[in-house]
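# Observations on the model geometry
Chain residues, written in single-letter form:
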Amino acid sequence: MRQFPISRRFATGLIAGAAAVAAVFGAPFGVDGASTAQAQDLKVGFIYVGPIGDHGWSYRHNEGRLSIEKALGDKVATSYVESVSEGADAERVITQLASSGHNLIFTTSFGYMNPTLKVAKKFPNVKFEHATGYKRVDNLSTYSGRFYEGRYVQGVIAGMMTKTNVAGYVASFPIPEVVRGINSFIRGMRSVNPDATVKVVWVNSWYDPGKEGDAAKALIDQGADIISQHTDSPAPLQTAENRGVLGFGQASDMIKFAPKAQLTAIVDDWGPYYIQQAKAVLDGTWESMDTWAGLKEGMVAMAPFTNMPDDVAAKAQETLDMIKSGALHPFQGPVVNQAGEVVAEEGTVLDDGVLLGMNYYVEGVEGSLPK
Amino acid sequence: MIRLESKGEPSRLFSYLSPVLAMVLTVGTGALLFELMGKPAGPSLYAYFIQPFTTLYGASELGVKATPLILIGLGLSVGFRANVWNIGAEGQLTLGAIAGGALALAFYEVETPLLLPAMMIAGVLGGMAWAAIPAFLRVKFNANEILVSLMLTYVALLLLSYLVHGPLRDPDGFNFPESRLFHDSATMPTLISGTRLHWGAVLAVLAAGAIWLMLSRSMLGFQLKILGDAPRAARFAGYREPKLVWFSLLLSGGLAGLAGALEVSGTVGQLIPTISPGYGFTAIIVAFLGRLHPVGVVIGGLTMALTYIGGETAQIEIGLPAAVTGLFQGVLLFYLLACDVLINYRLRFGRRLAIG
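Residues numbered from 1 in each chain as written. Chains lettered and ligands numbered in written order. Predicted model: local features only at pLDDT ≥ 70, side-chain atom pairs only at ≥ 80, totals over all residues.

## Quick word on the overall build of chain A
Secondary structure summary: chain A contains 11 helices and 14 strands in total. Of all 371 residues assigned to chain A, the portion counted as buried reaches 54%. Of the contacts formed within chain A by residues at least 6 apart in sequence, a portion of 64% connects residues at least 24 apart. (Helix = DSSP H or I, 4+ residues; strand = E, 2+ residues; numbered from the N terminus. Buried ≥ 20, exposed ≤ 12 C-beta atoms within 10 Å, placed from the backbone. Contact = placed C-beta atoms within 7 Å.)

The following block contains the structure:
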């Protein structure tokens, strides 16, 4: 038998090819797809940054899409494209949605801002809704949730439940949204436990279960006995469960992934807003606007308080009610930054403009913010 | 016991037909898969493979998506012929994007027709510089270029992340990690108005022609082929391997860098944390799909682009999950490798040694 004449090339090619396939296969299998859009009064399109099976951010937006179908029935058809990267692909997908008869398009990640704006200018008769951005035109609205309100409640729980006085925070990207969440969390924690600190690990991804889980392990090894996360998969919470510490779910109730570890979860509830905006398009009353809704409006909700004593649950509920009623603001003065400077005096509150551009840590956060 | 036995000189015809055969098998498997998922096979396949061609915008997007794949695939195929395995084109693309993009931002409000060419040259140099590291380490210390180039990809992505979070961040952008939008003078003009097809597509076709000439007509092309097929013979003939390693890596790095500069100036229009959805890795499949031949790479690049765009169309029209795209690409590569094996070798069952 002859020698394999191209063995090295062939074998390496196989490995290289396999690596390429692995790279291409970023997303796990999605579940069965959307209902096919046909000639209805209203066609609503969605574009997601992750797979709808991420159990977090994209999953909750998809639940919002399904609630439109449920509420408006035959009058509406919806479709979606999942796992669309935030670069050049987004503009094409949004254009395809706009040119295939969708009248209302939700683009559900910050990185879709400029592509959405470009397409919105080309399709003036189509209404666009961009989540978490700040650029608006006549046919482009923005919307987001005040998730930091829920983080404050989590901080209160963490402050009462921790034994080591150290919480770990698995964070995605150092953008204002995430920094604000970390700050709100530690402020909640310190409101009940002045010695508490939080350690942060950045994983530079919204969805990477492997990295997220590793980050949680590293934090637990450094003494954290409460794990909070601002990434989309249940991996950090599952790690907490396996290591016998406590944690919080992200974007959806993740209790089934961590029945013994989840204290509560921030639950994004986009459904009511999505139904309201779809109805507005049907009624012809849709207008470009900015919506930043929180616990009070129900866009941010909390999963049941579990795995904690009654007094902690009572305190958490009290905090929640105070934020809802406006009696408490997570960033009411005095607010002191990491360097010890007062950024909001007693009796004042950091306004939305400051919160939207927040790029510093408050006291109690360990380490420095990546620049 | 099953053994593979060489057929000797493989059929030239079938070696070229192999990708076509693989494509047909992939489509057949896809039809079966759709039926199993409860989706009608006919309309699904139509949405996936035909519908993107039915509008001018869809067809032009094919070119937009294929441009970086072809540019990178061309460079990689030259190296792969010579057994130089540059797996880090994604990183070289990123460096090209950084170099080109930084220049656009440095000369933000300078109106000059020289800016775009300068950005492209900066992109090429950026990619070359990144590829020079594995080239140097391989030539000097015999370090494995697969590992070095792959690992440098992650360094490049973190460098880009640092830049858009810090020095190159949009001053009016609420601290979000992206640069400001490039000025018009740093935006690649489109070929057809209303589409995003830009001059990069022309560059990709020109590059394919130039590389075809280089491989088929020049001594350098011949040396690369010999180095890949018979490294000992190449050494015996006095070919200088270091020179060829340098050439392969700089060429593939430069083309990947050009692809990166084209992406930021042509389609994205700013620097953002993720410039490429994995073009550098997908281009590896493109190179093999194209039989490491420039014309094949062009066809391979268009085919891969179709699997992406078709996947999006199928999601919108039929509601197929995005994972189908990855599945199609994996199945395609699997069939391609399987066809190659069966064209070059025959299966023998049993223990007896064949004679001949």
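Picking up after the structure, the text goes on.
## Some details on the packing of helix α5 (residues 147-161) of chain A against helix α10 (residues 310-325) of chain A
Residue and element names in this part refer to chain A. Their axes nearest at 9 Å, the elements α5 and α10 cross at an angle of 155°. Between α5 and α10, the crossing angle belongs to the class labelled roughly antiparallel. Of the two elements, α5 crosses α10, and the hand of that crossing is right-handed. Mapping the contact onto sequence places Glu149, Tyr152, Val153, Val156, Ile157, Met160 and Met161 in α5 and Val312, Lys315, Ala316, Thr319, Leu320 and Ile323 in α10. Along the lines of polarity and charge, the residues of the contact of α5 with α10 split into 10 nonpolar, one polar and two charged. (Axes fitted to C-alpha atoms, helices over the stretch in contact; angles between N-to-C directions. Parallel < 35°, antiparallel > 145°, perpendicular 65-115°, else oblique. Left-handed = near helix turned anticlockwise from the far one by under 90°. Nonpolar A, V, L, I, M, F, W, Y, C, P; charged D, E, K, R; others polar.)

## Re the nonpolar core
Counting 103 residues, the largest nonpolar core has A:Ile47, A:Ala167, A:Ile182, A:Val198 and A:Ile227 as the members making the most contacts within it. Looking at which element gives the most residues to this core, the answer is α5(A), with eight residues. The two domains that each donate at least three residues to this core are domain 1 (42-145) and domain 2 (147-267 + 300-356) of chain A. The residues touching A:Ile47, leaving out its near neighbours within four places in the chain, are A:Val81, A:Val84, A:Ala90, A:Val93, A:Ile94, A:Leu97, A:Thr107, A:Thr108 and A:Tyr112. Among the nonpolar cores identified, the runner-up in size contains 102 residues, and B:Tyr48, B:Met119, B:Val297 and B:Ala305 belong to it. (Core = buried A, V, L, I, M, F, W, Y, C linked by C-beta atoms within 7 Å. Domains from an automatic or database assignment.)

## Regarding the sheet that holds strand β1 (residues 42-47) of chain A
Residue and element names in this part refer to chain A. Taking strand neighbours across the sheet as the criterion, the six strands line up as β2-β1-β3-β4-β5-β11 in an open arrangement whose pairing is parallel. Both outer strands of the open sheet, β2 (76-81) and β11 (290-293), are each paired with one neighbouring strand and no more. Each neighbouring strand pair of the sheet contributes to a mean axis angle of 15°, computed without reference to strand direction. Bridge count for β1 against β2 is six bridges, and the pairing is parallel. (Pairing = 2+ DSSP bridges.)

## So, the sheet that holds strand β7 (residues 197-202) of chain A
All names here are of chain A. Overall, mixed pairing links the six strands, which are arranged β7-β6-β8-β9-β10-β12 in an open sheet. Among the strands making up the open sheet, the edge pair consists of β7 and β12 (300-302). Averaged over neighbouring strand pairs, the angle between their axes works out to 20° when direction is ignored.

## Quick word on the UniProt feature "domain: ABC transporter substrate-binding protein PnrA-like" (unreviewed entry) in chain A
UniProt annotation of "domain: ABC transporter substrate-binding protein PnrA-like" (unreviewed entry) refers to residues 43-311 of chain A when read in the numbering used here. From the first C-alpha to the last, residues 43-311 of chain A spans 48 Å; its make-up is 40% helix and 22% strand. (UniProt positions renumbered as here; feature names shortened; annotations may be inferred.)

## Quick word on helix α2 (residues 41-50) of chain B
Residues and elements named next belong to chain B. All of the buried residues in α2 are Ser44, Leu45, Ala47 and Tyr48. Along the axis of α2, the buried positions cluster into a sector of 160°, meaning they face one direction only. Those residues of α2 that are exposed and angled more than 90 degrees off the buried face are Gly42 and Ile50. Among the structural elements, α1 (12-36) and α12 (294-317) are those in contact with the buried residues of α2. (Arc of directions from axis to C-beta.)

## Here we look at the domain arrangement of chain B
Residue and element names in this part refer to chain B. As far as domains go, chain B holds domain 1 (1-48 + 324-356) and domain 2 (65-319). Centre-to-centre separation of domain 1 and domain 2, based on C-alpha positions: 29 Å. Contact with domain 1, which involves 13 residues of that partner, is made by 12 residues of domain 2. Looking at the side of domain 1 that touches domain 2, the elements with two or more residues in it are α1, α2 and α13 (323-344). Partitioning the side of domain 1 that touches domain 2 into residue classes produces nine nonpolar, three polar and one charged.

## Quick notes on the pairing of β2(A)
Residues in a regular strand project their side chains so that they alternate between the two faces of the sheet. Residues and elements named next belong to chain A. Burial runs high along β2: six of the six residues are buried. Here β2 shows two buried faces, one formed by Val76, Thr78 and Tyr80 and the other by Ala77, Ser79 and Val81. With helix α2 (residues 57-72) bridging β1 and the parallel β2, this β-α-β connection has right-handed handedness. (Right-handed = clockwise from strand over helix to strand, strands pointing away.)

## As for the environment of A:Gly326
Residues and elements named next belong to chain A. As for its position among the elements, Gly326 is in the loop between α10 and β13 (335-336). For Gly326, a count of 8 C-beta atoms within 10 Å gives the class exposed. Gly326 sits 30 residues away from Lys296 along the chain, and the two C-alpha atoms are 8.6 Å apart.

## Some thoughts on the domain arrangement of chain A
Residue and element names in this part refer to chain A. The assigned domain composition of chain A is domain 1 (42-145) and domain 2 (147-267 + 300-356). Of note, the centres of domain 1 and domain 2, computed from C-alpha atoms alone, are 28 Å apart. Contact with domain 1, which involves 10 residues of that partner, is made by 12 residues of domain 2. Of all the elements, α2 adds the most residues to the side of domain 1 that touches domain 2, at three residues.

## Description of unusual backbone geometry
All names here are of chain A. Note that the residue after Gly333, namely Pro334, is joined by a cis bond; omega there is 0°. Inspection of the secondary structure puts Pro334 in the loop between α10 and β13. In this model, Thr132 sits at a positive phi of 70°, which is unusual for a non-glycine residue. Take Thr132: it is sitting in the loop between β4 (127-131) and β5 (140-145). Of note in this structure, Asn204 is not a glycine but carries a positive phi near 50°. One can find Asn204 in the loop between β7 and α7 (209-221). By the C-beta count within 10 Å, which is 18 here, Asn204 ends up partly exposed.

## Let's talk about the confidence of the model for chain A
Residue and element names in this part refer to chain A. For chain A, per-residue confidence averages 88 on the pLDDT scale, and 89% of positions sit at 70 or higher. Highest mean pLDDT in chain A belongs to strand β3 (residues 104-107) (98); lowest belongs to helix α1 (residues 7-24) (46). Throughout residues 1-39 the model reports pLDDT below 50, and contacts reaching past four residues in sequence, or to other chains, amount to 77 contacts. (pLDDT = per-residue confidence, 0-100.)

## Section: the packing of helix α4 (residues 89-106) of chain B against helix α5 (residues 115-141) of chain B
Residue and element names in this part refer to chain B. In contact at an axis separation of 7 Å, α4 and α5 are set at 145° when each is read in the N-to-C sense. In this structure, the crossing between α4 and α5 has a hand that is right-handed. Of the residues that constitute the contact of α4 with α5, the class distribution is 16 nonpolar, seven polar and no charged.

## Remarks on the pairing of β4(A)
Residue and element names in this part refer to chain A. With respect to burial, β4 is a largely interior element, five of its five residues being buried. A two-sided burial pattern is seen for β4, the buried positions comprising Lys127, Glu129 and Ala131 on one face and Phe128 and His130 on the other. Strand direction decides the pairing type here: β3 and β4, joined by four bridges, are parallel. Among the inter-strand pairings, Leu104 is bridged to a residue of β4, identified as Lys127. The β-α-β motif built from β3, the intervening helix α4 (residues 113-122) and the parallel element β4 has right-handed crossover chirality. Here β4 runs beside β5; their pairing, made up of four bridges, is parallel. For His130, the partnering residue across the bridge sits in β5 and is Thr142.

## Comments concerning helix α8 (residues 219-229) of chain B
Those residues of α8(B) that fall on the buried side of the exposure criterion are B:Gln223, B:Leu224, B:Leu227 and B:Gly228. For α8(B), the angular spread of buried residues about the axis comes to 130°, placing them on one side.

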